[in-house]
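Residue strings, one per chain:
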Amino acid sequence: MRKVGLPTVAALVVAILAVSASAPMIAFAAAPALAIAFWRNALGTAALAPVALVRQRTRPRELGVTVLSGVCLAVHFATWVPSAKLTSVAMSVALVSTTPVWTALIAAARGVRVPGSTWAGIGVAVAGVALATGADPDLSGRALLGDALALAGGIAAAGYTLLGERARASLATTTYASVCYGICAALLLVASLASSARLWGYTWETWIAIVAMTIGPQLLGHTLINYALHRVSATTVAVLLLLEVPGALVIAWILLGQLPAARTLPGIAVLLAGVAVVVLGARRRQPTNGGTIISPEAIGTT
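Residues numbered from 1 in each chain as written. Predicted model: local features only at pLDDT ≥ 70, side-chain atom pairs only at ≥ 80, totals over all residues. Heavy atoms only, no water.

**So, the packing of aromatic side chains**
And then number 1: Scanning the entire structure with this criterion turns up three aromatic pairs.
And then number 2: Each ring, one from W39 and one from W207, has its centre 5.5 Å from the other, and the planes form 75°; the classification is edge-to-face. Of the two residues, W39 is situated in helix α3 (residues 33-53) and W207 in helix α10 (residues 204-228); the sequence distance between them amounts to 168 residues.
And then number 3: Here W207 falls in the partly exposed class, since its relative accessible area comes to 29%.
And then number 4: Consider the rings of Y202 and W207, whose centres lie 5.0 Å apart with planes at 45°: the pair is tilted.
And then number 5: Pairwise contacts between aromatic rings join F38, W39, Y202 and W207 into one cluster. (Phe/Tyr/Trp six-rings, centres within 6.5 Å; stacked < 30°, edge-to-face > 60°. Helix = DSSP H or I, 4+ residues; strand = E, 2+ residues; numbered from the N terminus. Buried < 20%, exposed > 50% of the residue type's maximum accessible area, 1.4 Å probe, protein only.)

**Looking at a nonpolar patch on the surface**
And then number 1: A surface patch of nonpolar side chains, amounting to about 390 Å² of accessible area, comprises L6, V9, V13 and L17.
And then number 2: Counting through the fold element by element, V13 comes out in helix α1 (residues 6-20). (Patch = residues over 30% accessible without salt bridge, like charges linked within 9 Å, V, L, I, M, F, W, Y side chains within 5 Å. Areas by Shrake-Rupley, 256 points an atom, 1.4 Å probe, with all protein chains shown as cover. Salt bridge = Lys/Arg side-chain N within 4 Å of Asp/Glu carboxyl O.)

**Observations concerning the environment of L187**
And then number 1: Relative to the helices and strands, L187 is located in helix α9 (residues 173-194).
And then number 2: Spatially, the C-alpha atoms of L187 and F38 are 8.3 Å apart, while their sequence positions differ by 149 residues.
And then number 3: The residues touching L187, leaving out its near neighbours within four places in the chain, are V71 and A74. (Contact = heavy atoms within 4.5 Å.)

**Quick word on the packing of helix α5 (residues 89-96) against helix α12 (residues 244-256)**
And then number 1: For the pair α5 and α12, interaxial distance at closest approach is 9 Å and the crossing angle is 160°. In terms of orientation, α5 lies roughly antiparallel with respect to α12. You can see that α5 and α12 cross each other, and the crossing is right-handed. Contacts from V89, A90, V93 and A94 of α5 reach α12 at E244, V245, A248, L249, A252 and L256.
And then number 2: Grouping the constituent residues of the contact of α5 with α12 by class yields nine nonpolar, no polar and one charged. (Axes fitted to C-alpha atoms, helices over the stretch in contact; angles between N-to-C directions. Parallel < 35°, antiparallel > 145°, perpendicular 65-115°, else oblique. Left-handed = near helix turned anticlockwise from the far one by under 90°. Nonpolar A, V, L, I, M, F, W, Y, C, P; charged D, E, K, R; others polar.)

**Things to note about the nonpolar core**
And then number 1: Counting residues in each nonpolar core, the largest one holds 62 residues, and the members touching the most others are V81, L188 and M213.
And then number 2: In this structure, V81 is in contact with I26, A33, I36, A37 and H76, ignoring residues within four places of it in sequence.
And then number 3: By size, the runner-up hydrophobic cluster in this structure holds seven residues, among which are A15, I16, V19 and L224. (Core = buried A, V, L, I, M, F, W, Y, C linked by side-chain atoms within 4.5 Å.)

**What about α5?**
And then number 1: Within α5, eight of the eight residues are buried, which leaves it mostly tucked inside the rest of the structure.
And then number 2: Within α5, burial applies to V89, A90, M91, S92, V93, A94, L95 and V96.

**A look at unusual backbone geometry**
And then number 1: Positive phi outside glycine occurs at S196, with the angle close to 60°.
And then number 2: Tracing the chain through its elements places S196 in the loop between α9 and α10.
And then number 3: Taking the relative accessible area as the measure of exposure, S196 reaches 64% and is therefore exposed.

Here it is, written out as structure tokens:
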């Protein structure tokens, strides 16, 4: 692993700020949730595809895994993006951050031995979810649906992460991302048309928010994270990405005037502590399956 220098530190700071802005900008944009997710992925594909086409070709097996990853990403966006409009930004970001927990559970279901620290972290995270949702003053059906969708988004992101780990073992980042985003955009377009979601005719403020989401969280955030992973361990990066939660809260406060209720903060803190225990457990021991190492990326966040 290379020495961590100022460029890597700067890349991580920018990446965390970029992904932190995602949920607040989704809540700000006056457009259907599915349409926002579609445009974000379609524009991301358009930006990356020209580079990917001249760099690498995919083999059928790699393409199949990438397509499945794109399907999981579509489910992630189709559930999490609407959640940011139904529940508070705080709850939406906190619940979708349970991705490392679900990744560990999927690994266990596949017969992979998961460390005891992971199960301890799962217990703490579940307790945090119960505490946060129980203390949330907004217990309306709309808010609870948003909470459930955010949780589903975290589960879908776990599948996306695991499949992406396999595909990226032999694919360049731009190649993998352009195919994955393209599949995701196609599925979200079908879902948008099926639900009669309006795909254009937005205000200029909304278009600016959509473009900003594409440049920031979709491209800049993930690109710089991948850059940093060549110099910083995936476990460390995953823990740093938990800063997305407080970052999103601050941006939501500035952009939307949406300050989370004090009663929800202890539960969110416990939830993040549980996720951190899951991620940090990989530092001491990496679970294996028949000699195949389950890398820290497989227990990372989305």
